[in-house]
Amino acid sequence: MITNTLYSLCGLVLFAMGLFALFACSHLLRKILAVNIMSAGVFLVLVAAAYRPLGAGEVDPVPHAMVLTGIVVSVSVTALALILACRVQETSNLSISRNGLKVNDEEGSGG
Amino acid sequence: MTYNILTLFDIILITTLLLLAWEVLSSENIFTGVVLFISFGLVMALAWVRMRAPDVALAEAALGAGLTGPLFLSALRRMERIHKDERRLDMDEERSDIDEKSDK
Amino acid sequence: MKSRINNRPKRHDPLLLLLLLLIIILATLLVKVIYNLPVGITGLGEEVASFQQRSGVVSPVTAVLLNFRSYDTLLEVMVLLLAVIGVWSLTKAPFPRKTIKTSPVQLAVVRLLAPLMCLVAVYLVWQGSHLAGGAFQGGAVLGGAGVLMLVAELPMFQQISSRPLRIGLLLGPIVFLGVALLCIVNGGELLAYPQGWAGSLLLLIESACAVSIGLALSALFVGGRPVDDLLEKKKS
């Protein structure tokens, strides 16, 4: 039982950390990393719920299948989000530089 | 509740996971964050094996570490290239400004 | 440029502290939930074990993934396809023109590893019926091989045309959907495989899906539609 609880708590902390970073960080790639960490936490909670120690019965395969599905979906979502982030940066920067505003330099002194 | 040597292993594994996740999210350079995220995926695969989920471990090692990492790296490269292009554009504009001024 | 990559949240921002507080409250509530989870539930392990015989495979996870809850997996393959469509509709492939010369060591490693990885992928798909493994793991290894070859910028990848790529991407979902519809025609329900045929049907679906998943992951890594797109050819 202790193992299930430990890993569930670990998943929970991962989820909370990811959520905090999702709001706190401003870089888009960091946000996507944070979402990935959050999903890892959720998967950990799910698999920890299915875990049984050796000799205490079979491991429940249904959460495993769900987590497998989730991993593949999260990879495709990440790929799409990364392309979107690139597009966002591309378009926003181009419009800014065409207007002649040097936003990047200002950010350099502020951040 | 039974405590044995595996509980110690669990604690070490969980500490590593949490520290890696913290570093991923708070590292100075985002490139370091991405590389640490790849190693986070590999340690995660170890955790899946510990949870008796070898299928998930295989998928995590191949997808989470092997493919998400390169995806992030290529996106990072793309973003840097956008920056470079934009800089070139800025310089062009400055040059044209100078040209205009000299024309006047 | 460096400043944008390195930017971090400012410390001791009152809004951030409020956010931290809220998240800590959420985490404590979730800890309570975890401690209040019902103890001693057996889960669905026994149900799966009792229907294992009829699923056509020995591995319980594969049985759940492709037989008992195959609806999920069908939609998941569709999600992957949808992601590729989304990426293709957003950008064109920024095919990295050679910036650095590929080192001979890298080429040799890729030439050695790529066939080996394809072999491992086939083995993983085959193994999926009785041990850990299956379409997703095999597909992921195939995708990894694709990424490796793309990174090495082998000349054959520069000229790959989009038609075979599209057909390969559609192979898995179409085979999966075809089997699902055949099950209906056969008098059953959607994805209720006929008795005795389940094992071979699952292997067929798995191999088709592995090919599609591998191609989809490589396409996602390229991050854009192929340069010689069908539509653009028609225009010109």
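Remember, it's a predicted structure, so these values are computed and weren't measured experimentally.

Q: Could you give an account of the interface of chain B and chain C, naming the residues involved and the relevant values?
A: By a frequent convention, interface size equals the accessible area lost on bringing the separate parts together. Residue-level contacts link 20 residues of chain B with 26 residues of chain C. For the pair chain B and chain C, the summed buried area comes to about 1900 Å², and 63% of that belongs to carbon and sulfur atoms. The three residues of chain B that bury the most area against chain C are Asp55, Leu67 and Arg78 of chain B, which together make up 28% of that side's buried surface. The tally of links from chain B across to chain C stands at 0 salt bridges.

Q: Please provide a residue-by-residue account of the interface of chain B and chain A, values included.
A: Each side of the interface is counted separately: chain B has 49 residues, and chain A has 50 residues. When the area that chain B buries against chain A is broken down by residue, the three leading residues are Leu25, Met51 and Arg52 of chain B, summing to 18%. The interface formed by chain B and chain A includes 0 salt bridges. Linking chain B with chain A are 5 residue pairs in polar contact (both at pLDDT 80 or more), by the criterion used here. Elements that contribute at least two residues to the side of chain B that touches chain A include exactly helix H1 (5–26), helix H2 (30–50), helix H3 (54–65) and helix H4 (68–103) of chain B.

Q: How would you sum up the confidence of the model for chain A? Please name residues and give values.
A: All names here are of chain A. Per-residue pLDDT for chain A has a mean of 82; in total, 83% of the residues score no lower than 70. Mean pLDDT in chain A bottoms out at helix H4 (residues 103–110), which sits at 40, and peaks at helix H2 (residues 28–50), which reaches 93. Here residues 97–111 is modelled with pLDDT under 50, and outside its nearest four sequence neighbours on either side it reaches 16 contacts, counting other chains as well.

Q: Explain the packing of H1 of chain B against H2 of chain B to me, and be specific about the residues and the numbers.
A: All names here are of chain B. For the pair H1 and H2, interaxial distance at closest approach is 9 Å and the crossing angle is 155°. Accordingly, the angle class assigned to the pair H1 and H2 is roughly antiparallel. Pair H1 / H2 crosses with left-handed handedness. Contacts from Leu6, Phe9, Asp10, Leu13, Thr16, Leu17, Leu20, Ala21, Glu23 and Val24 in H1 reach Gly33, Leu36, Phe37, Ser39, Phe40, Val43, Met44, Leu46, Ala47 and Arg50 in H2. For the contact of H1 with H2, the residue count by class is 14 nonpolar, 3 polar and 3 charged.

Calculation notes
- Residues numbered from 1 in each chain as written.
- Chains lettered and ligands numbered in written order.
- Predicted model: local features only at pLDDT ≥ 70, side-chain atom pairs only at ≥ 80, totals over all residues.
- Heavy atoms only, no water.
- Contact = heavy atoms within 4.5 Å.
- Buried area = accessible area lost by both parts, 1.4 Å probe.
- Salt bridge = Lys/Arg side-chain N within 4 Å of Asp/Glu carboxyl O.
- Polar contact = N/O pair within 3.5 Å; in protein donor to acceptor, adjacent residues only side chain to side chain.
- Helix = DSSP H or I, 4+ residues; strand = E, 2+ residues; numbered from the N terminus.
- pLDDT = per-residue confidence, 0-100.
- Axes fitted to C-alpha atoms, helices over the stretch in contact; angles between N-to-C directions.
- Parallel < 35°, antiparallel > 145°, perpendicular 65-115°, else oblique.
- Left-handed = near helix turned anticlockwise from the far one by under 90°.
- Nonpolar A, V, L, I, M, F, W, Y, C, P; charged D, E, K, R; others polar.

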